[in-house]
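Survey of secondary and tertiary structure
Spelled out, the chains give:
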Amino acid sequence: MPERKIRVMVAKPGLDGHDRGARILARCFRDAGFEVIYTGCHQTPEQVAAAAIQEDVDLVGLSCLSGAHRILFPRVVELLREKNASDITVIGGGIIPEQDFQMLYDAGIQAIFTPGASLDSIVDWIRTHIQARN
Amino acid sequence: MYFSDETQKASRKLTEQWQANVQNTLKTNTDWKNRFSTVSDLDIKRLYTPEDLQNTDFARDIGAPGEFPYLRGNQVTGYRGQPWTFRMFSGMGSAEDTNARWHLLLREGQTGLSTAFDFPTLMGYDSDSPKALGEVGKCGVAIDTLEDFLALIDDIPLDRVTTSMTINPPATVLWAMYCAAAEIKGVPLNQIGGTIQNDMLKEFIAQKTFMCPPEPSVRLISDTVEFGAKYVPRWNPISISGYHIREAGATAVQELAFTLRDGIEYVEDILRRKKMSVDDFAPRLSFFFNAHIDLFEEICKLRAARRIWAKVMRDRFGAKNPRSLWMRFHVQTAGCSLTAQQPYNNVVRTTIEALAAVLGGTQSLHTNSLDEVLCLPSEHAVEIALRTQQILAEETGVVNTIDPLAGSYFVESLTNEMEAKAWEYIEKIDAMGGMVAAIERGYPQMEIADAAYTFQRQIEAKEKIMVGVNKYATEAQHPVPLVEIDEKVGEEQIRRLKDLRRRRDSRAVSQSLADLRAACKNGANVMPHCITAVKNLATEQEICDVYREVYGEYRDPGLY
């Protein structure tokens, strides 16, 4: 049986429409050999969590540039936990001030990538931390 | 351009000699880069000469300011008559917070206002909607009702200051609030001036604040254009925008072409739907472009934009009024060119971009603050940004003469090249059946995604450089103070809404929403009904819900 590819969902929670980074990452993950699901903009945390479970992804990458990450990112993790899906890794990116990093880590976001992070560094992080689940 | 036979002969000879010299020099001294290209990846030649302008006719292609093809500007007196409008985009927290920032900016010499709304307002949701969670007041000001709006414009002289509002799907609602507020303050509609962005096509293409599908979205825009032409003649009912297309990763040519093709789509829709001739409304169509970091590419893009639009209006639509041929535009410096790393460098970038806008002949300008890549701008940062414009206008001498780069072999040649490439796109989209059809098949979205991805790959490979990011990066940082919006703004908005819902005349609200629903269905202009609804204190979302109910909702197809 061929090895299952890493399944990644790129998600845009909230009303923010700044999707340039999210779409570049989706394409980069595809080029890196991952299975990619991109939600498009304007997803509620509930929609993101439900889609992640439905699509059986290994990792959710949340992108937010509007400042709403402090509320929306932890909410996604919480919903995954409630649905017994805390084995799905959640990472985040966007315009996120350093002072918010700790509260996001505490809430269960496993890594945060901000402007200037190279695509390769994000792909490497995923390869190092995620084992494709069978 | 015309050059005498003698000049042409001399030029050819000199160029040949120079080329030989270059080949010799390269044998021992190679260039320091493999490729010299614009930020949009257009290859640039080492030298431009009269031969590059052999097919450029001075009278036909360049001409005089205030004359067709308006390459050199719409105004016969250039910036001597008046400089561009200093119009800083601002909005944050509550209506009162934003009003205070506006008064500060006006005291400091700003000459026009420009409103940034928060995401719930931009998307047509009230602050108490579950969708607004975490977003209220964050990226701009939260406006739910006419009462909020009146607080926003408190003590602003509506008959003297023009106000631009970056609002798209709910543009009818916010404009209705402006009109109602003017009436309350005793300023007649024919005296208020300003702009609503109200350009939905670029939302589907790039910015992603949408509500209803493309077709009805365009219909609402045609209503505003008609209403403006009849009752609010000093208002720009649309600002056809390339800014966001560029920010999403488009090249300069894509920005130029897609924006102008959007403009064509709107004109066609209005002519099809409304009993108006092109000259009845075309003079009030306005545009909005990005000024990115590549100085000459941006100048040429703006010059080409004016020339293309003049040709479109004259030849495609048969416009007769010279003002219909004018492309009037606002420019904002490129947010996407700024870096979170070494943020003080952003002042330099913004200055160069502002210079490009001015040399390109903009009518109005926003200069980004150095901290906008991190948060909403602080008072200090926004002051530097405003002063940047004032220094350009009053110290540098760039206003002294009109279109100072005209006639440059390079500038005219690049202007021609960008125009030619833009026409190719326009013709391609025409062949697809127009912009709505092109959007439905994902064409402009994917062209931009390709360009954005290419650029990112070039950054990773260091083929393109961002100082402080992929070259000259340093560990030591000089952090800037961050502006934070208190979560209390959201709580206060929710309290206000609750209070308003209790005391307003709910029967009047329902009636005005029912009238609006009927207008949506029977094709009558929605604007008068919107104005009545906001006066009756219907909320923004209640009005937008009518649109959603009648026209349906558009969902992001998530193309990448």
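In case you missed it, the structure is sitting above this.
Each chain has its residues counted from 1, following the order in which its sequence is written. Chains carry letters from A onward and ligands carry numbers from 1 onward, assigned in written order. Per-residue local features are limited, in this predicted model, to residues with pLDDT of at least 70; the limit for side-chain atom pairs, both in listing and counting, is 80 or more; totals at the level of whole chains, interfaces and linings are taken over all residues.

Quick notes on the overall build of chain A
When its secondary structure is counted, chain A shows five helices and five strands. Helix and strand definitions follow DSSP, with helices as H or I runs of at least four residues and strands as E runs of at least two, each counted in order from the N terminus. Reading the helices (α) and strands (β) of chain A from amino to carboxyl end gives β-α-β-α-β-α-β-α-β-α. Over its C-alpha trace chain A gives a radius of gyration of 13 Å, about what one expects of a compact globule, namely 14 Å for 134 residues. Dimensions along the principal axes, computed over C-alpha positions, put chain A at roughly 45 × 35 × 25 Å. To get the radius of gyration, use the C-alpha atoms; to get the globule rule, take the number of residues to the power 0.38 and multiply by 2.2 Å.

A look at the overall build of chain B
Within chain B, the regular secondary structure consists of 22 helices and nine strands. Relative to its length of 560 residues, chain B is compact, with a C-alpha radius of gyration of 24 Å against a globular reference of 24 Å. Principal-axis analysis of the C-alpha atoms places the extent of chain B at approximately 85 × 60 × 45 Å. Think of it as a crowd count around each C-beta: if 20 or more other C-beta atoms lie within 10 Å the residue is buried, if 12 or fewer it is exposed, and in between it is partly exposed, with C-beta placed from the backbone throughout. Burial status across chain B gives 50% buried among its 560 residues.

Overview of unusual backbone geometry
With omega at 5 degrees, the peptide bond leading from Phe68 of chain B into Pro69 of chain B counts as cis. Take Pro69 of chain B: it is sitting in the loop between α2 (58–62) and β1 (85–90). Positive phi, close to 55 degrees, is recorded for Asp56 of chain A, a residue that is not glycine. Mapped onto the secondary structure, Asp56 of chain A falls in the loop between α2 (45–54) and β3 (59–64). Since 14 C-beta atoms lie within 10 Å of it, Asp56 of chain A is described here as partly exposed.

Overview of the packing of helix α8 (residues 214–231) of chain B against helix α10 (residues 252–273) of chain B
All names here are of chain B. Running from amino to carboxyl end, α8 crosses α10 at an angle of 75 degrees, the nearest separation of the two axes being 9 Å. Compared by their axis directions, α8 and α10 come out roughly perpendicular. Contacts from Val218, Arg219, Ile221, Ser222 and Val225 in α8 reach Tyr266, Asp269, Ile270 and Arg273 in α10. Residues are grouped as follows: nonpolar covers Ala, Val, Leu, Ile, Met, Phe, Trp, Tyr, Cys and Pro; charged covers Asp, Glu, Lys and Arg; every other residue, Gly included, is treated as polar. Split into classes, the residues belonging to the contact of α8 with α10 amount to five nonpolar, one polar and three charged. Note on definitions: angles span 0 to 180 degrees between N-to-C directions of axes, and those axes are lines fitted to C-alpha atoms, for helices only across the stretch in contact. Here the angle decides the label: under 35 degrees means roughly parallel, over 145 means roughly antiparallel, 65 to 115 means roughly perpendicular, and every other value means oblique. Remark: residues whose backbone-derived C-beta atoms lie within 7 Å of one another are considered to be in contact.

Observations concerning the interface of chain A and chain B
With 30 residues of chain A at the contact, the number on the chain B side is 31 residues. Among the elements of the structure, α1 (20–31), α3 (69–82) and α5 (119–129) of chain A are those that each provide at least two residues to the side of chain A that touches chain B. Top element by residues in the side of chain A that touches chain B is α1 of chain A. It accounts for five residues. Looking at the side of chain A that touches chain B, its residues break down into 12 nonpolar, 11 polar and seven charged.

A short note on the environment of Val48 of chain A
Residues and elements named next belong to chain A. Mapped onto the elements of the fold, Val48 is located in helix α2. Taking C-alpha positions, Val48 is 7.0 Å from Val76, a pair spaced 28 residues apart along the chain. Beyond its immediate chain neighbours, meaning those up to four positions away, Val48 contacts Ala11, Pro13, Thr39, Gln43, Val60 and Val76.

What to know about the sheet that holds strand β1 (residues 7–11) of chain A
All names here are of chain A. Two strands form a pair only when DSSP identifies at least two bridges running between them. On the basis of which strands lie adjacent, the open sheet formed by five strands has the order β2-β1-β3-β4-β5 and parallel pairing. Both outer strands of the open sheet, β2 (35–38) and β5 (112–113), are each paired with one neighbouring strand and no more. Strand direction decides the pairing type here: strand β4 (residues 89–94) and β5, joined by two bridges, are parallel. Paired with Gly93 across the bridge in β5 is Phe113. Across the sheet, α1 is in contact with β1, β2, β3 and β4; its angle to β2 comes to roughly 160 degrees.

Some remarks on the pairing of strand β2 (residues 112–115) of chain B
Residues and elements named next belong to chain B. The alternating pattern of β2 places Gly112 and Ser114 on one face and Leu113 and Thr115 on the opposite face, and all of these are buried. Relative to β2, β1 is paired through four bridges, and the arrangement is parallel. When the sheet's bridge partners are listed, Arg87 is paired in β2 with Gly112. Each parallel crossover has a hand, and for β1 linked through helix α3 (residues 95–107) to β2 it is right-handed. Both β2 and strand β3 (residues 163–165) contribute to a ladder of three bridges, which runs parallel. By the bridge assignment for β3, Leu113 is matched with Thr163. Orienting the strands away from the viewer, one traces the path from the first strand over the helix to the second; a clockwise path indicates a right-handed crossover.

Thoughts on the pairing of β1 of chain B
The side chains of a regular strand alternate, first on one face of the sheet and then on the other. All names here are of chain B. Of all six residues making up β1, five are buried, and the element is well covered by its neighbours. Pairing of β1 with strand β9 (residues 364–366) involves two bridges; the strand directions are parallel. Considered in β9, the bridge of Thr85 is made with Ser364.

Considering the environment of Asn198 of chain B
Residues and elements named next belong to chain B. Among the secondary structure elements, Asn198 is positioned in the loop between β4 (194–196) and α7 (201–207). C-alpha separation for the pair Asn198 and Trp175, spaced 23 residues apart in sequence, amounts to 9.7 Å. In this structure Asn198 touches Asn168, Ala171, Ile221, Thr224, Pro237, Ile238 and Ser239, once residues within four positions along its chain are discounted.

Considerations on the sheet that holds β2 of chain B
Residue and element names in this part refer to chain B. Taken in spatial order, the nine strands of this open sheet run β5-β4-β3-β2-β1-β9-β8-β7-β6, and their pairing is parallel. Among the strands making up the open sheet, the edge pair consists of β5 (235–236) and β6 (238–241). Bridge count between β3 and β4: three bridges; the pairing is parallel. Following the sheet pairing, Ser164 is matched in β4 by Thr195.

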